[in-house]
Amino acid sequence: MIELRNLSKSFTTADGPVDALRHINLTVNDGDIYGIIGMSGAGKSTLVRCINMLERPTEGSVLLDGRDLGMLNKKEMQEVRRQVTMIFQSFNLLMQRTCLQNILFPLKLAHVPHAEAEARARQLLETVGLPDKANAYPAQLSGGQQQRIAIARALATNPRVLLCDEATSALDPKTTHAILELIRQINRDTGITVIVITHQMSVVQEICNRVAILENGAVVEEGDVSQVFSHPKAAATRALVFPEMADGESLLPERQGQFIRLIFDGAETTQHPLIASMAIDCGIAASILNASTRTVAGRVYGYMLLDIPGGPDEMATAVKYLSGTPDVTVQVEVEYPAKEAEK
């Protein structure tokens with residue numbers, strides 16, 4: 001378990017002190033894939049460097065299984081860094097060494113016998129799907145292949161925690177998906193705890209089970225990914241999950257009529273064409289005016305704004321029909337013309 005307790009980090013600049021992190025309190029359980037997300041300048045990279053003590057916190061503590069990392073001596077900290085390893089956006093491979101030599105490097109520093117180290121390195125090449133690249137150099141590999149070698153190197157010392165600092169930001173979407181699948185499989189096979197630092201909500205959506213939203217150096221929201229996606233509370237979270245709702249606007253069109261907002265809270269609607277079914281079953285052909293949904297673990301989160309034709313009877317029928325769908329909340333917003341409202 002990793003615990004961050006009242007963690008703060010300040011820097012002194014020419015313009016005065018800067019509070020990069022402010023009173024961070026987080027708990028990452030063993031086996032989690034934990035996402036820490038925020039926009040540029042939110043403090044993400046500073047936070048990940050504090051977790052492995054590459055940056056010393058100004059205040060607060062980082063605990064690994066109850067052990068305060070700030071209290072360790074140099075030798076003890078070297079051992080912790082074999083247990084808490086890291087991969088980066090830029091891969092950080094040694095360009096003058098082969099892929100096999102890159103993976104062997106941390107094992108050499110740990111004084112592992114060469115035969116044992118080489119067997120471990122070749123096993124890891126198999127794990128990341130590149131057994132034929134042992135004698136290749138990083139420059140001969142694609143970006144995705146380089147990141148796979150970086151993952152193999154990070155796993156060489158059998159760590160308990162893998163820190164991923166924007167590890168897929170330099171990759172195309174297809175390669176990103178492949179790398180995330182590899183990380184998830186390694187998490188399943190080994191139980192390693194993964195902390196993912198990213199500015200991409202799609203990365204969190206794909207592999208994380210918990211997430212913390214970072215803004216201006218502070219955690220503004222934290223919880224299960226499904227809960228945060230379905231009920232974003234902080235403005236920073238709404239901006240990341242549903243950008244068009246970030247300002248809290250109703251998103252109703254500037255016209256009169258009757259509207260229904262559907263809030264999807266984990267609904268299994270991907271195999272059920274809800275709006276089309278309502279048109280067939282009830283004869284109500286609703287127009288979709290706006291929608292923003294995401295699928296997480298096979299369930300849908302987000303909202304949809306519908307324009308319901310007709311009058312109050314059609315509205316009542318639509319509400320009754322849509323309310324019968326599990327994990328869907330129906331909100332009614334009606335604006336009839338003044339002369340109709342007087343009748």
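Quick caveat, the model's predicted, so the values are computed rather than measured.

### Things to note about the environment of D32
Along the chain, D32 turns up in the loop between β2 (16-28) and β3 (33-37). When the C-alpha atoms of D32 and Q140 are compared, they prove to be 34 Å apart, with 108 residues separating the residues in sequence. Every residue in contact with D32, bar those within four places of it in the chain, is listed here: N187, I192, T193, V194, N209 and R210. Within polar-contact distance, the side chain of D32 engages the backbone nitrogen of N29 at 3.0 Å.

### Comments concerning the confidence of the model for the protein
Residues shown with low pLDDT carry predicted positions that ought not to be read at fine detail. Across the protein, pLDDT averages 86, with 91% of residues at or above 70. Contacts of residues 246-250 to residues separated by more than four positions or lying in other chains number four contacts, the stretch itself having pLDDT below 50. Counted against residues more than four places away or in other chains, residues 336-343, with its pLDDT under 50, gives seven contacts.

### Comments concerning the sheet that holds β2
Strand order in the open sheet formed by four strands is β2-β1-β4-β5, and the pairing between neighbours is antiparallel. Across the chains shown, the open sheet's two edge strands, defined by having one partner strand only, are β2 and β5 (67-68). Pairing between strand β1 (residues 2-13) and strand β4 (residues 59-64): five bridges, direction antiparallel. Paired with R5 across the two strands is S61, which belongs to β4.

### Observations concerning the side chain of Q147
With respect to the element layout, Q147 can be found in helix α5 (residues 143-155). A polar atom in the side chain of Q147 sits 2.6 Å from the backbone oxygen of A167. With sequence-adjacent residues up to four places away left out, Q147 is seen in contact with I87, F88, Q89, F91, A167 and I179.

### Some words on the sheet that holds strand β9 (residues 210-215)
Taken together, six strands build an open sheet; the order of strands is β6-β7-β8-β3-β9-β10 and the sheet is mixed. The sheet is open, and its two borders are formed by β6 (84-88) and β10 (218-224), each paired with just one other strand. Neighbouring strand axes in the sheet, compared pairwise and without regard to direction, differ in orientation by 15° on average. Here β3 runs beside β9; their pairing, made up of four bridges, is parallel. Looking at β9, one finds that I37 is bridged to I213. Sitting on the sheet, helix α1 (residues 44-51) is in contact with β3, β6, β7 (161-165), β8 (193-198) and β9, with an inclination near 155° to β8. Along the sheet face, helix α2 (residues 74-83) touches β6 and β7 and points at about 55° away from the line of β6.

Cut-offs applied
- Per chain, the residues get numbers from 1 upward, laid out in the order the sequence is written.
- Where totals are concerned, whole chains, interfaces and linings use all residues; where local detail is concerned, this predicted model gives features only for residues with pLDDT of at least 70, and gives and counts side-chain atom pairs only at 80 or more.
- As a convention, hydrogens and water are excluded, and side-chain values are obtained from all of the structure's heavy atoms.
- Going along the chain from the N terminus, every DSSP run of H or I of four or more residues is numbered as a helix, and every run of E of two or more is numbered as a strand.
- Pairs of residues are marked as contacts when any of their non-hydrogen atoms sit within 4.5 Å.
- We call two N or O atoms a polar contact when they sit within 3.5 Å, provided that within protein one can donate a hydrogen and the other can accept it, with sequence-adjacent residues counted only if both atoms are side-chain atoms.
- pLDDT measures the predictor's confidence residue by residue and takes values from 0 up to 100.
- Two strands form a pair only when DSSP identifies at least two bridges running between them.
- To define axes, lines are fitted to C-alpha atoms, for helices over the stretch in contact only, and angles between the resulting N-to-C directions are given on a 0 to 180 degree scale.

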